[in-house]
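As a plain string of letters, each chain reads:
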Amino acid sequence: MGGEPIVAIVGAGPAGLAATRVLVQAGLRPIVLEEATLPGGQGTRRLSPLSEPYRAALYGQGADAMARREDTENAILAKCDYRPGTLVWACHDNQLELLGPDGFVGQPYTHLVIAVGATDRIMPVPGWTLPGVFTLGGSQVAVKRHASFIGRKVVFAGSSPLLYLAAAQYLRLGHRDLTVLDTTPMAAKLRAFPAMLRHAPRTAMEGLALMAELRRGGVAMLSGGTIRAIEGDGRVERLRYVTRKGRETVVAADAVAMGHGLRAETQLAELAGAEFRFDPDFRQWFARTDAMGRAGETLWLAGDSARIGGAQAADAAGSLAAQSLLASLGRQIPARLLRRGRRRLKAQLDFQRAMTGAFRWPAETVAELPDATPICRCERVTAGEIRATLAAPVGPVEINRVKSITRCGMGRCQGRFCGPALAEIVASAAGETPGRLRAQAPVRPIPLVADTEGAEQRA
Amino acid sequence: MPKIDPTPLFHPISPGTPRPVRFAFDGVGVSARTGDTILAAILAAGLPCGTSEFDGAARAGFCLMGSCQDCTMWDERGRRLRGCMTEVTDGQRLRSRPYDDET
């Protein structure tokens, strides 16, 4: 490749921002593409103007440090070709396809960093399509973007450290009717804790402090068991679950925030040429990269979209990816810096791996889902329809085949929310490890007609 | 449309915040705070943001971050948008289905 390098970074969350920082410090001017109107990512999402008044209540003593960090990020983005409100919907032949304020634009690149994050991993339950059920991440976005609570009686249900974080955020903003229902038993957390403490002592202790805060605040906390159903007449009225000892329990609620950990957003990486491997601890497919996040000749991946690690890991991974990219351009990177970055990343990733035991993905519960349970929200394909397809003589039992036949995974969200459960249903029938849904452009729905006026409202 | 339940599906953190912005959703007048998203305003009014084309059940948003497309809706020019990602503008007229009802 001759000429000036064209470096594109997709995603302005913690990983993308860290990569941007390193590249700007090295004198480059990368193109930074962000689908949202504000940088910051999801878990570390910035407050909208509407939610800004709640900054001190949400972040307490950390609020000032956070504001300073945002100022630093803004200063760095001012030195880039930063394009908020821009969706990257395809990638081919070293070119990205964009839809943004200027409509449809093709953007060639010589070097690409993908840092598009993750969304909640969802295990469906009967009633999960009722109004009042949101993702766990969504319950936090409700506060940080929409300046709203999702309900008056909120249950945070599933298994994830973010159950406790989201509940704490609601508590700090004055919400007083909160329940955390964590399906992984306390004993599993105690078993995982020593390893968590060893890898990332500060993060582990912050988790304990969060649970203590919830206890002091009177938040009901239940752990262990299986969520049976979310019920109500046209909207959420209660959540039904069975404790580990088999006791049926009902929690009254008008909203449920559900999540079982995070699902890496891998579609764009696949279109850019990444290869994937199944990670048995996380029970999901992550892209293959080297220790620096390099996934190909012109491709680097960083943050949760590469492997689930949280914001601190994303920051470390973003820096490393950028340093590796700079090295490929012939720049000298001090070995000491690389060693420190890799150590920092490894500690956080090992911590997250230890946490997969403390907050389990309940793969086995798909077998217990009633046939009528919708697995695909978009097109309401049920567990029963998927099972019937698997029982029919369709040839090799393979997830993409099952998707084609049932349309589970072909709706508007393109398998983002049904994918993990579909994979488990197919895997239980095939007796194999869960498969991977193939990615396809466009990675988000886009209008068929190019029309530059008002394109920013569409995507 | 399913029956309209006046009980809100979203609750403003500060209930007293003024709601000076007005828009219409499926012909129903809705008020919003300055800077609100379309979805937040609709849910605060107790309205779902549409129905599923497949089983007719109410849709009311899910991921709230532009990924699930549950809050897909249309403006009066027939342009599709995501309610959770789009700031509401005064006088806007929105629909839970595209105008021509073909999709």
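Cut-off values and rules
Residues numbered from 1 in each chain as written. Chains lettered and ligands numbered in written order. Predicted model: local features only at pLDDT ≥ 70, side-chain atom pairs only at ≥ 80, totals over all residues. Heavy atoms only, no water. Contact = heavy atoms within 4.5 Å. Salt bridge = Lys/Arg side-chain N within 4 Å of Asp/Glu carboxyl O. Polar contact = N/O pair within 3.5 Å; in protein donor to acceptor, adjacent residues only side chain to side chain. Helix = DSSP H or I, 4+ residues; strand = E, 2+ residues; numbered from the N terminus. Nonpolar A, V, L, I, M, F, W, Y, C, P; charged D, E, K, R; others polar. Pairing = 2+ DSSP bridges. Buried < 20%, exposed > 50% of the residue type's maximum accessible area, 1.4 Å probe, protein only.

(A) Region of interest: the interface of chain B and chain A. Contacts between chain B and chain A engage 47 residues on the former and 50 residues on the latter. Along the contact surface separating chain B from chain A lie 5 salt bridges. Note that Arg145 of chain A and Glu87 of chain B form a salt bridge whose closest N and O atoms lie 3.7 Å from each other. Connecting chain B to chain A are 15 residue pairs in polar contact (both at pLDDT 80 or more). Of all the secondary structure elements, the ones that give two or more residues to the side of chain B that touches chain A are strand E1 (11–12), helix H1 (38–44), strand E5 (58–59), strand E6 (72–75) and strand E7 (80–82) of chain B. Residue composition of the side of chain B that touches chain A, grouped by class: 20 nonpolar, 13 polar and 14 charged. Across 2 bridges, the pairing between strand E10 (residues 148–149) of chain A and E1 of chain B is antiparallel. Across the sheet, residue Phe149 of chain A finds its bridge partner in E1 of chain B, namely His11 of chain B.

(B) Representation of unusual backbone geometry in the model. Residue and element names in this part refer to chain A. Looking along the chain, the bond that leaves Ala441 and enters Pro442 is cis, with omega of -5 degrees. Residue placement: Pro442 occurs in the segment after helix H13 (419–430). A positive phi angle, near 55 degrees, is found at Arg380, a position not held by glycine. Judged by relative accessible area, Arg380 falls into the buried class, the value being 8%. Backbone geometry at Arg407 places phi at a positive 70 degrees, although glycine is not the residue there. Within the element layout of this structure, Arg407 appears in the loop between helix H12 (399–406) and H13. For Arg407, a relative accessible area of 36% gives the class partly exposed.

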